[in-house]
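# Structural description and commentary
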Amino acid sequence: MGSASPSQKAGEPVPAANPFEFQVYGPRHLSSTSWWDLLRSSWKDPNYRRMVIACFIQGVYLLELDRQENRDERTGLAPQWWRHFSYRLAQTLVDERDGSVYGAVLEWDGRALLAGYAPQLLRPAGAPAAVVALRGTLLSGATFRRDVTDDLRFLAWDSLKGSVRFAGALAALRAAARRHGGARAMCVGGHSLGAGFALQVGKALAKEGVFVECHVFNPPSVSLATSLRGFADTAGEMWGRVRSWLPAYAGGGGGGEAAKLERAGTAKWMPHLYINTNDYICCYYTDAAAGTATVTATGGGGGGTSGKTVAGGMGGGGTAGKARMVLVSKGPTKFLDAHGLQQWWADDVELQVALNHSKLIDRQLRSLYAPPPAAPQV
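My aim in this report is to walk through the structure given alongside it, one point at a time. Bear in mind the structure is a predicted one, so any value in this text is a computation, not a measurement. (Residues numbered from 1 in each chain as written. Predicted model: local features only at pLDDT ≥ 70, side-chain atom pairs only at ≥ 80, totals over all residues. Heavy atoms only, no water.)

## Here we look at the overall build of the protein chain
The number of helices and strands found in the protein chain is 12 helices and 10 strands. Residues classed as buried in the protein chain amount to 44% of the 378 residues present. A total accessible area of about 19,300 Å² is found for the protein chain, and carbon and sulfur atoms account for 57% of it. (Helix = DSSP H or I, 4+ residues; strand = E, 2+ residues; numbered from the N terminus. Buried < 20%, exposed > 50% of the residue type's maximum accessible area, 1.4 Å probe, protein only. Areas by Shrake-Rupley, 256 points an atom, 1.4 Å probe, with all protein chains shown as cover.)

Here is the structure:
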């Protein structure tokens with residue numbers, strides 16, 4: 001029979017657990033890191049990887065809530081969400097304008113298993129040395145104004161580069177990559193608005209030839225700029241058809257060379273997108289263009305996956321923008337739940353994994369594979 005804790009007098013009621021504690025809100029069957037993991041790493045399982053990175057992002061949401069509610073290191077809820085997996089908080093990303101926490105750099109902490117040995121030597125195979133995790137919008141508290149400002153920035157411009165948070169996240173990712181020996185030991189992940197930041201920060205580094213693993217959950221897909229570009233693309237396609245009928249343009253264009261350059265770059269950087277089609281904020285990423293090959297697999301929240309190839313005509317040979325997309329085939333259907341982060345570590349969700357490309361992904365990644373500008377004629 002249990003006894004009262006030293007700080008609790010006999011007969012006093014036990015305080016109710018906070019609904020966001022890891023033991024209450026977190027995954028039910030996701031084991032903590034152990035010595036066995038050093039020999040047979042759980043990080044090799046893509047389901048485990050997805051669930052843990054989602055937990056890290058949840059920890060960043062709670063870092064900001066801990067700050068708002070004046071919880072310290074001892075009483076805070078956030079540390080539970082990374083300590084369980086033997087990671088530690090190396091850096092907090094703070095918006096200096098309002099003091100809010102929008103991200104964190106989490107590093108592998110091998111000392112949790114064996115004190116006195118170099119953590120790098122104890123890291124399980126496939127586990128990142130550091131993860132930059134970025135949260136989305138919080139519709140309460142002092143950070144509401146800054147969060148919504150960046151939401152509107154994306155809605156208007158389809159870009160977050162003008163935000164101080166973009167600059168802070170990019171600097172933190174670069175510094176962590178230098179500290180841990182390059183991009184192969186790094187990972188960046190985000191949810192909702194944070195997914196938009198993660199995708200654009202990862203793309204910015206990819207343009208520099210630094211290819212960081214990127215996991216984005218419910219990334220925003222709706223913006224005025226995207227809609228206008230969609231109209232422009234449609235008009236361009238129609239004009240291209242008209243030009244092909246005109247004798248002066250018949251057989252011209254040089255499009256084949258551009259397609260070769262695009263195909264050559266498709267394997268350089270491939271982000272991982274996690275999409276629920278009932279979430280209208282991210283559902284437009286599934287607007288697939290015609291004539292693309294798709295590889296799919298189904299799996300539950302924590303189980304393995306089995307793959308199969310779905311036949312599809314390659315048409316013009318494919319396009320540049322490709323991503324590994326995970327779709328919810330059976331899960332939350334109401335918008336707020338479909339946009340939530342919890343579904344990505346839930347045990348009862350059924351997923352479909354696809355190596356896919358869509359018009360929106362193509363627009364997002366096209367600049368990575370554009371041919372270099374022609375050298376000036378001398």
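Let's pick the thread back up.
## A word on the packing of helix α6 (residues 144-157) against helix α8 (residues 193-207)
Axes are the key here: two packed helices are described by the angle between their axes and the distance separating the axes. It is the contact of α6 with α8, at a shortest axis distance of 10 Å, that shows an interaxial angle of 55°. On the basis of their axis angle, the class for α6 and α8 is oblique. For the pair α6 and α8, the crossing hand works out as left-handed. Here D147, D150, D151 and F154 of α6 lie close against α8, whose contacting residues are L193, F197 and Q200. Split by residue class, the contact of α6 with α8 holds three nonpolar, one polar and three charged. (Axes fitted to C-alpha atoms, helices over the stretch in contact; angles between N-to-C directions. Parallel < 35°, antiparallel > 145°, perpendicular 65-115°, else oblique. Left-handed = near helix turned anticlockwise from the far one by under 90°. Contact = heavy atoms within 4.5 Å. Nonpolar A, V, L, I, M, F, W, Y, C, P; charged D, E, K, R; others polar.)

## Notes on helix α3 (residues 46-68)
Between the first and last C-alpha of α3 there are 34 Å, a value that for 23 residues agrees with the 33 Å anticipated at 1.5 Å per step. Of all 23 residues making up α3, 20 are buried, and the element is well covered by its neighbours. Of the residues one or two after α3, N70 is the one with positive phi, at around 60°. (Expected span 1.5 Å × (residues − 1).)

## Brief notes about the packing of aromatic side chains
Within this structure, the stated rule accounts for 16 aromatic pairs. A centroid spacing of 5.9 Å and a plane angle of 80° characterise the contact between F22 and F85, whose relative ring orientation is edge-to-face. Pair noted here: F22 is in helix α1 (residues 22-25) and F85 is in the loop between α4 (80-83) and β1 (87-95), with a separation of 63 residues, a long-range link. The exposure class of F85 is buried, given its relative accessible area of 0%. With 5.7 Å between their ring centres and 80° between their planes, Y25 and W345 make a pair best called edge-to-face. With Y25 in helix α1 and W345 in the loop between α11 (335-338) and β10 (350-356), this residue pair connects regions lying 320 residues apart in the sequence. Given a relative accessible area of 22%, Y25 falls into the partly exposed group. (Phe/Tyr/Trp six-rings, centres within 6.5 Å; stacked < 30°, edge-to-face > 60°.)

## As for the state of the cysteines
Inspection of every chain in the model, using the stated rule, returns zero disulfides. Summary of cysteine pairing: C283 is not part of a disulfide, and the nearest cysteine sulfur, belonging to C282, is at 6.6 Å. Residue class for C283 comes out buried when judged on its relative accessible area of 17%. (Disulfide = S-S within 2.5 Å.)

## Here's the deal with the pattern of salt bridges
Counting across every chain of the model gives 13 salt bridges. Residues E69 and R71 are paired through a salt bridge, measuring 2.4 Å at the closest nitrogen-oxygen approach. Judged by relative accessible area, which is 48%, E69 ranks as partly exposed. Residue classification places R71 among the partly exposed positions, given a relative accessible area of 21%. (Salt bridge = Lys/Arg side-chain N within 4 Å of Asp/Glu carboxyl O.)

## A few points about the environment of Y87
Its place among the elements puts Y87 in strand β1. Y87 has contacts with W43, F56, W82, L106, E107, W108, D109, A127, P128 and A129, leaving out every residue within four places of it along the chain. One polar contact links the side chain of Y87 to the main-chain carbonyl oxygen of P128, over a distance of 2.6 Å. (Polar contact = N/O pair within 3.5 Å; in protein donor to acceptor, adjacent residues only side chain to side chain.)

## Thoughts on the pairing of strand β6 (residues 272-275)
Working note: regular strand, side chains alternate between the two faces of the sheet. Side chains H272 and Y274 of β6 all project onto a buried face; the interleaved residues L273 and I275 project onto the opposite face, where all are buried too. Of the pairings in the sheet, the one linking strand β5 (residues 213-217) to β6 comprises three bridges and is parallel in character. Along β6, the bridge assignment pairs F217 with Y274. Where β6 meets strand β9 (residues 323-330), four bridges bridge the pair, whose relative direction is parallel. The residue bridging L273 from the neighbouring strand is M325, located in β9. (Pairing = 2+ DSSP bridges.)

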